[in-house]
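An overview of the molecular structure
Here is how the chains run, residue by residue.
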Amino acid sequence: MRVRILAVGQKMPAWVESGYQEYSKRLPADFQLELIELAPGYRGKGADIARAMRSEGDAMLAAIGKNERVIALDVKGKPWSTEQLASQAEDWRMAGANVCLLVGGPDGLDPRCLQRADQKWSLSALTLPHPLVRIVLAEQIYRAWTLLQGHPYHK
Ligand SMILES: C[S@@+](CC[C@H](N)C(=O)[O-])C[C@H]1O[C@@H](n2cnc3c(N)ncnc32)[C@H](O)[C@@H]1O
């Protein structure tokens, strides 16, 4: 089974890279977690934010695999407990499904990406900075995997 994170934002600071790696590297080969970083739209002087989000949306929609289950990370989505995430992951594994998780940039996800999603997942009622979201995802996916394995990490 493969889970891909499609996230807006490249050239992240070292703490983001190492936070993400800290958890993603713990997962075994048969539960792959892959991070695809997408270029942010232009937000410099005179930027048109709607246009920046459209270009991020174009890249994200093009990167979604043909048969992937698409889950948008959205503060207004449905909250899942770690147990619910583990149960979802088990369903995905049993169905042989590949999954992609969409993480927006500073201004959120392009509305077309939210429409394209099969499910919308909220990590919290708090709005998190987009670099932190990929780390939280890696940790929660690792935690869900340990729960399925009966590993003592999850208490
Ligand atoms: C800085 S947030 C964007 C905030 C923007 N105002 C919005 O409403 O989406 C960047 C991205 O991180 C993800 N994100 C931030 N907080 C989240 C949360 N609590 N639950 C799920 N995803 C979240 C979403 O994918 C969002 O598009």
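Residues numbered from 1 in each chain as written. Predicted model: local features only at pLDDT ≥ 70, side-chain atom pairs only at ≥ 80, totals over all residues. Heavy atoms only, no water.

The name an unreviewed UniProt entry assigns to the protein chain is Ribosomal RNA large subunit methyltransferase H, from the organism Nitrincola lacisaponensis. Recorded in UniProt for the protein chain, the comment headed Subcellular location (unreviewed entry) runs: "Cytoplasm". As recorded by UniProt, the Catalytic activity (unreviewed entry) comment attached to the protein chain reads in full: "pseudouridine(1915) in 23S rRNA + S-adenosyl-L-methionine = N(3)-methylpseudouridine(1915) in 23S rRNA + S-adenosyl-L-homocysteine + H(+)". (UniProt positions renumbered as here; feature names shortened; annotations may be inferred.)

With that settled, consider the overall build of the protein chain. Looking only at helices and strands, the protein chain has five helices and five strands in total. The order of helices and strands in the protein chain, counted from the N terminus, is β-α-β-α-β-α-β-α-β-α. The C-alpha atoms of the protein chain give a radius of gyration of 15 Å, which matches the 15 Å a tight globule of 155 residues would have. In terms of its C-alpha atoms, the protein chain occupies a principal-axis envelope of roughly 55 × 30 × 30 Å. Pairs at least 24 apart in sequence give 83% of the contacts found in the protein chain among residues at least 6 apart. Counting every atom, the protein chain has about 8,300 Å² of accessible surface; 53% of that belongs to carbon and sulfur. Averaged over its 20 positive side-chain charges, the protein chain has a centre that lies 2 Å from the centre of its 17 negative ones. (Helix = DSSP H or I, 4+ residues; strand = E, 2+ residues; numbered from the N terminus. Rg over C-alpha atoms; globule rule 2.2 N^0.38 Å. Contact = heavy atoms within 4.5 Å. Areas by Shrake-Rupley, 256 points an atom, 1.4 Å probe, with all protein chains shown as cover. Lys, Arg positive; Asp, Glu negative; His and termini not counted. Charge placed at Lys NZ, Arg CZ, Asp CG, Glu CD.)

Here we take up the site of the ligand. Inspection of the region around the ligand gives 19 residues, with L73, L123, S124, L126 and L128 positioned closest. The contact in question runs from an oxygen atom of the ligand to an N or O atom on the backbone of G104, over 3.0 Å. Contact distances for the ligand include 2.9 Å between a nitrogen atom and a backbone N or O atom of L123. Compared with its free state, where it exposes 560 Å², the ligand has 82% of that area covered by protein. Mapped onto the shell around the ligand, the elements with two or more residues apiece are β3 (69-79), β5 (119-122) and α5 (130-149). Broken down by element, the residue count for the shell around the ligand peaks at three residues, all from β3. Taken together, the residues that form the shell around the ligand break down as ten nonpolar, seven polar and two charged. (Near = heavy atom within 4 Å. Polar contact = N/O pair within 3.5 Å; in protein donor to acceptor, adjacent residues only side chain to side chain. Nonpolar A, V, L, I, M, F, W, Y, C, P; charged D, E, K, R; others polar.)

Bringing unusual backbone geometry into the picture now. Phi at K11 is positive, roughly 50°, even though this residue is not glycine. Tracing the backbone through its elements, the reader meets K11 in the loop between β1 (2-8) and α1 (14-24). A relative accessible area of 79% means that K11 is categorised as exposed. (Buried < 20%, exposed > 50% of the residue type's maximum accessible area, 1.4 Å probe, protein only.)

Confidence along the protein chain averages 95 in pLDDT terms, with 100% of residues attaining 70 or more. Per-element averaging of pLDDT across the protein chain places helix α3 (residues 82-95) at the bottom with 92 and helix α4 (residues 111-116) at the top with 98. (pLDDT = per-residue confidence, 0-100.)

A few words now on the sheet that holds strand β4 (residues 99-103). A sheet is described by the order of its strands in space; here five strands give the open sequence β2-β1-β4-β3-β5, paired in parallel fashion. The sheet is open, and its two borders are formed by β2 (32-38) and β5, each paired with just one other strand. This sheet shows a mean twist of 30° between the axes of neighbouring strands, independent of strand direction. In this sheet, β4 lies alongside β1 in parallel orientation, the contact comprising five bridges. In the sheet register, V3 faces β4, and the bridge partner there is V99. Along the sheet face, α1 touches β1 and β2 and points at about 160° away from the line of β2. The strands that α3 touches are β3, β4 and β5; relative to β3, the one it contacts most, it runs at about 165°. (Pairing = 2+ DSSP bridges. Axes fitted to C-alpha atoms, helices over the stretch in contact; angles between N-to-C directions.)

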